[in-house]
Structures are given as structure tokens and as C-alpha cells.
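# Geometric and topological summary
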Amino acid sequence: MYPFKVKEKLTAYQYLLKDKLAGDKNRELIALLKDLKLAGRQVSKELNTGALAGSLGDYTGSKNSHGEKVKKLDLIANNLFIKSLENGGNCAGVVSEENDKILLFNNENSKNAKYLVLIDPLDGSSNIDVNVPVGTIFSILKRPRGVKKLSTKDFLQEGKKQVAAGYIIYGSSTIYVLTVGKGVDAFTLDPFVNEFYVSQTNIKIPNKARMYSVNQGNFFEFPLPLQEYIRWCEQNDQKTGRPYSLRYVGSMVADLHRSLLKGGLFIYSQSKNAPKGKLRLMYECNPMAFIIEQAGGLATNGKKNILSIKPKSIHQISPIFIGSKEMVELVTKYLRSKLLN
Ligand code: AHG
């Protein structure tokens, strides 16, 4: 039995046009979402044929803006998204994990476009070679009013200013999960006709759950209050259903997709080795926080709401505690009570 309630077989485009983004003023945003979807379809194909097309493995000698090794598919995905956004003409500029600086488009349509895109073209790419789900994460901001010549500071907007955010998970199927600030919907790629169809509407994350997701190998590097919280999750207590189950894929998109559908808490904390965490605020934490909040969940950095952090740089990193509301509230309470004192 198909587990999701499918209303009618609508394409993502038809659904947005008819429901979430009805009305003429949304045409440009719908077109931009379509540009992202087009590139996502191509990336999905590249990933499916990775080994055969020779696109697996490292891209020799190259590192990204965080000094991490770049996979061939990181670059392929980056090029596909950027090309699609540039050709579409609905986006004025892009921040990508794979580019140190902002990219501004100069063609006639893009120059005046209303939107900015921040993107991690292929998150979890260290998992590609072993056939584990990876994903694309994106955030869409409005170009600040009256700004003709864009610069980096125009991208440095708080997460709560996002007009849309989404991810595409390339797993056992390819699923495009999207919020435009009116709940969360999912569209599944039908590979036979190469089209995304509505597969789940108005997704709600369970308020509490029994699953947590963390790189347990870093346990002794974590701040003590977090160690205490994790010990609490591991303890036996019938009333709260503990011990909780630990699930960690190592691809944020996969871990959060599971948490969105089944409930759970995803943690990427600061640690002795990574004093500010690892994940990127503007194109990983912010879009995921927007999606999870729109589904009824919560996201903090251990002190404050992710969406209210004022970014200082485009590649800024942040700790993140995200998922089912009650779980995030509790872990944040542990952290706040001790970290802030
Ligand atoms: P990468 O894209 O370099 O594979 O990084 C993936 C990110 C994120 O998706 C995941 O949750 C996290 O890094 C895993 O990091 P650890 O290996 O440190 O747990």
C-alpha cells in the first residue's frame, strides 16, 4: 500500500500553480522552483549512472570553500544548478557551497530578477561512492528592495526572511521537499516520464519521537550538557519510551528526511574539534530549519532559534539541534541551562 495520501496526480508545477502559489504575482517564484527542479532531475540521472558514467570519486586537487575534498559529482551538480538558474533568468545571484564568492548573473533577465538562491548542490557527497542517499539543499531569499547592484551583504539575511526552501533527496526514489511558507509538500520523481508528481501534502513532523541522530563517535568531544542529554536518551525509562534509538546516516538530508516523516532529533553540535559545528547556516541550517518549522518542528543552535541568527558571512557555520519540537526543546534546555552559565 502506498503510505501517502495522494490527492490527484498533479505535477509539482501544476500543484504550485493551483494551490500553494496561485496568483500572477508568484509566476517568477514558480519558474525559479522549476529551474531548480530541472537541475535536480539531471543530478538524479547523473547519480543513478554514476559508476557507469565515470563520475564517482574525488575531483583531484580541488577543495571547497571549507577546505573539504571535492567529489566529481559535487562539481557536476554545482554546474548543473548554476547553469539552470542562469538560463532560467529568475534568479539574480547564487551562493553555493562550491564557490568561495557570490555569483551574479549578467544576462538581461537575471540582472533584474527578484530572487537570490543559496545552495548546497550535493550534501553528504562523501557518501556518494557507497550508494548512500545524498541531497541538494536550497534557500530562496528576496533581493533587497531598491538594490540595483548586488553585493555579498545583500545575501546576509536572517533565515526567517526566506521565501522558500527545499531539498531534493536522491535515495531509493528522488523526492523534492518544498516549503513556500505555507506548510511542507513532497513531490516524487517518476523516472519513467522524468517528472515530479505530488506525493505528500502538508507534512507534519511528530511532536515527539524515540529517535535521535548524532555522530556518536564525537561523544567525548561534545560539551558536557550534550553528553548528559545523550546519556539521558540511552537510559531505560518505560514512561518516556527510553532508551531511544540512534540512527545516523551521515547525510543531513537523509537523516532529516527520516526525522521529518517519522519524528526525531538531528544533532550537529559544536565540539572540541569543531568549536562552531560543521554545517553551513545559510544553505544547510536555514533551509532545513524553515522546512522543519513549517512542518511543526523546531531548530536551534543550542541557544537561539536558527531562523533568527543574523549571518555575518555567506559560508558561516553553526551548531544545529533540529527536529520534533519537544525533543529540540528538551535538548536546548539542557544546553541553555549549562552552556550559558
Ligand atoms: P559532506 O557533504 O562533506 O559529506 O558532509 C555532509 C555533512 C552532513 O550532510 C552530515 O550530516 C555531516 O556532514 C556529517 O558529518 P560527520 O561525518 O562529521 O558526522
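Owing to the predicted nature of the structure, the values given are computational and were not obtained by experimental measurement. (Residues numbered from 1 in each chain as written. Predicted model: local features only at pLDDT ≥ 70, side-chain atom pairs only at ≥ 80, totals over all residues. Heavy atoms only, no water.)

When its secondary structure is counted, the protein shows nine helices and 15 strands. For the protein, the spread of C-alpha atoms along the three principal axes comes to 60 × 45 × 45 Å. When the 341 residues of the protein are sorted by exposure, 56% land in the buried category. Nonlocal contacts in the protein, meaning residues at least 24 apart in sequence, comprise 64% of its contacts between residues at least 6 apart. Averaging the locations of the 49 positively and 31 negatively charged side chains of the protein gives two centres separated by 5 Å. (Helix = DSSP H or I, 4+ residues; strand = E, 2+ residues; numbered from the N terminus. Buried < 20%, exposed > 50% of the residue type's maximum accessible area, 1.4 Å probe, protein only. Contact = heavy atoms within 4.5 Å. Lys, Arg positive; Asp, Glu negative; His and termini not counted. Charge placed at Lys NZ, Arg CZ, Asp CG, Glu CD.)

Domains assigned within the protein are domain 1 (12–200) and domain 2 (211–340). Here the C-alpha centre of domain 2 lies 24 Å away from the C-alpha centre of domain 1. Interface area for domain 1 against domain 2, summed over the two sides, is near 2900 Å², with a carbon-plus-sulfur share of 65%. Interface area lost by domain 1 to domain 2 is led by Ile137, Leu156 and Tyr167, which between them contribute 21%. Linking domain 1 to domain 2 there are one salt bridge. A salt bridge links glutamate 97 to arginine 280; the shortest N-O distance between them is 2.7 Å. Counting across the interface, domain 1 meets domain 2 through 14 residue pairs in polar contact (both at pLDDT 80 or more). Residue assignment for the side of domain 1 that touches domain 2 shows that the elements contributing at least two residues are β3 (91–96), β5 (115–123), β6 (134–142), β7 (164–170) and β8 (174–179). Of the residues contributing to the side of domain 1 that touches domain 2, the split by class is 21 nonpolar, 18 polar and nine charged. (Domains from an automatic or database assignment. Buried area = accessible area lost by both parts, 1.4 Å probe. Salt bridge = Lys/Arg side-chain N within 4 Å of Asp/Glu carboxyl O. Polar contact = N/O pair within 3.5 Å; in protein donor to acceptor, adjacent residues only side chain to side chain. Nonpolar A, V, L, I, M, F, W, Y, C, P; charged D, E, K, R; others polar.)

We now examine the packing of helix α7 (residues 252–262) against helix α8 (residues 281–294). At a minimum axis separation of 12 Å, α7 and α8 run at an interaxial angle of 10 degrees. With respect to each other, α7 and α8 are oriented roughly parallel. For the pair α7 and α8, contact is made by Met252, Val253, Leu256 and Leu260 and by Glu284, Met288 and Ile292, respectively. Looking at the contact of α7 with α8 residue by residue, the classes come out as six nonpolar, no polar and one charged. (Axes fitted to C-alpha atoms, helices over the stretch in contact; angles between N-to-C directions. Parallel < 35°, antiparallel > 145°, perpendicular 65-115°, else oblique.)

Of all residues adjacent to the ligand, which total 13 residues, the nearest are Asp123, Ser126, Tyr248, Met252 and Tyr268. Within the side chain of asparagine 215, one N or O atom sits 2.8 Å away from an oxygen atom of the ligand. One of the side-chain N or O atoms of tyrosine 268 is found 2.6 Å from an oxygen atom in the ligand. Look at the ligand: alone it shows 470 Å² of surface, and the protein chains cover 84% of it. Counting contributing residues per domain, the shell around the ligand is built from domain 1 (12–200) and domain 2 (211–340), each supplying no fewer than three. (Near = heavy atom within 4 Å. Areas by Shrake-Rupley, 256 points an atom, 1.4 Å probe, with all protein chains shown as cover.)

Because each turn of an α-helix spans 3.6 residues, side chains separated by three or four positions in sequence point in the same direction. The end-to-end C-alpha distance of helix α4 (residues 72–88), which contains 17 residues, comes to 24 Å, matching closely the 24 Å that a straight helix rising 1.5 Å per residue would cover. Residues of α4 that are buried include every one of Leu73, Asp74, Ala77, Asn78, Leu80, Phe81, Ile82, Ser84 and Leu85, and no others. Positioned one or two residues after α4, glycine 89 has a phi angle of 75 degrees, which is positive. (Expected span 1.5 Å × (residues − 1).)

Another point: the nonpolar core. Proteins that are soluble and globular tend to have nonpolar side chains buried together. Ranked by size, the top nonpolar core spans 45 residues in total, and within it Tyr167, Leu260, Met288 and Ile320 carry the most contacts. Broken down by element, this core gets its largest block of residues, nine residues, from α8. Split by domain, this core shows at least three residues from each of two domains, domain 1 (12–200) and domain 2 (211–340). Beyond its immediate sequence surroundings of up to four residues, tyrosine 167 is in contact with Thr136, Ile137, Phe138, Ile175, Tyr176, Val177, Val253, His257, Leu260, Met288 and Ile291. Core analysis: the second largest hydrophobic core is formed by 41 residues, Leu21, Cys91, Ile168 and Leu189 among them. (Core = buried A, V, L, I, M, F, W, Y, C linked by side-chain atoms within 4.5 Å.)

What follows concerns the sheet that holds strand β13 (residues 265–268). Strand order in the open sheet formed by five strands is β12-β11-β13-β15-β14, and the pairing between neighbours is mixed. Single-partner strands in this sheet number two, and they are β12 (245–246) and β14 (298–300). Sheet topology places β14 next to strand β15 (residues 320–323); three bridges connect them, and they run antiparallel. What sits directly across from alanine 299, in β15, is isoleucine 322. (Pairing = 2+ DSSP bridges.)

Turning our attention to the packing of aromatic side chains. Think of a pair of aromatic rings as described by two things: how far the centres are apart, and how the planes are tilted against each other in angle. What the rule picks out here adds up to eight aromatic pairs. Pairing tyrosine 176 with phenylalanine 187 gives two aromatic rings, centres 5.9 Å apart and planes at 55 degrees, and the pair type is tilted. Remark: phenylalanine 187 occurs in strand β9 (residues 184–190) and tyrosine 176 occurs in strand β8; sequence separation between them is 11 residues. The exposure class assigned to tyrosine 176 is buried, which follows from its relative accessible area of 2%. On the basis of relative accessible area, phenylalanine 187 is assigned to the buried category, the value being 0%. Ring centres of tyrosine 229 and tyrosine 334 lie 5.5 Å apart, and the angle between their planes is 75 degrees; this geometry places the pair in the edge-to-face category. One end of the pair, tyrosine 229, is in helix α6 (residues 224–234); the other, tyrosine 334, is in helix α9 (residues 325–339), and 105 residues separate them in sequence. Of the aromatic side chains, those joined through ring pairs into one cluster are Tyr15, Phe138, Tyr176, Phe187 and Phe196. The ring of tyrosine 197 carries the charged tip of lysine 9 above its face, separated from the ring centre by 4.2 Å. Lysine 34 extends its terminal NZ or CZ atom over the ring of tyrosine 13, reaching a point 4.7 Å from the ring centre. (Phe/Tyr/Trp six-rings, centres within 6.5 Å; stacked < 30°, edge-to-face > 60°. Lys NZ or Arg CZ within 6 Å of the ring centre and 35° of its normal.)

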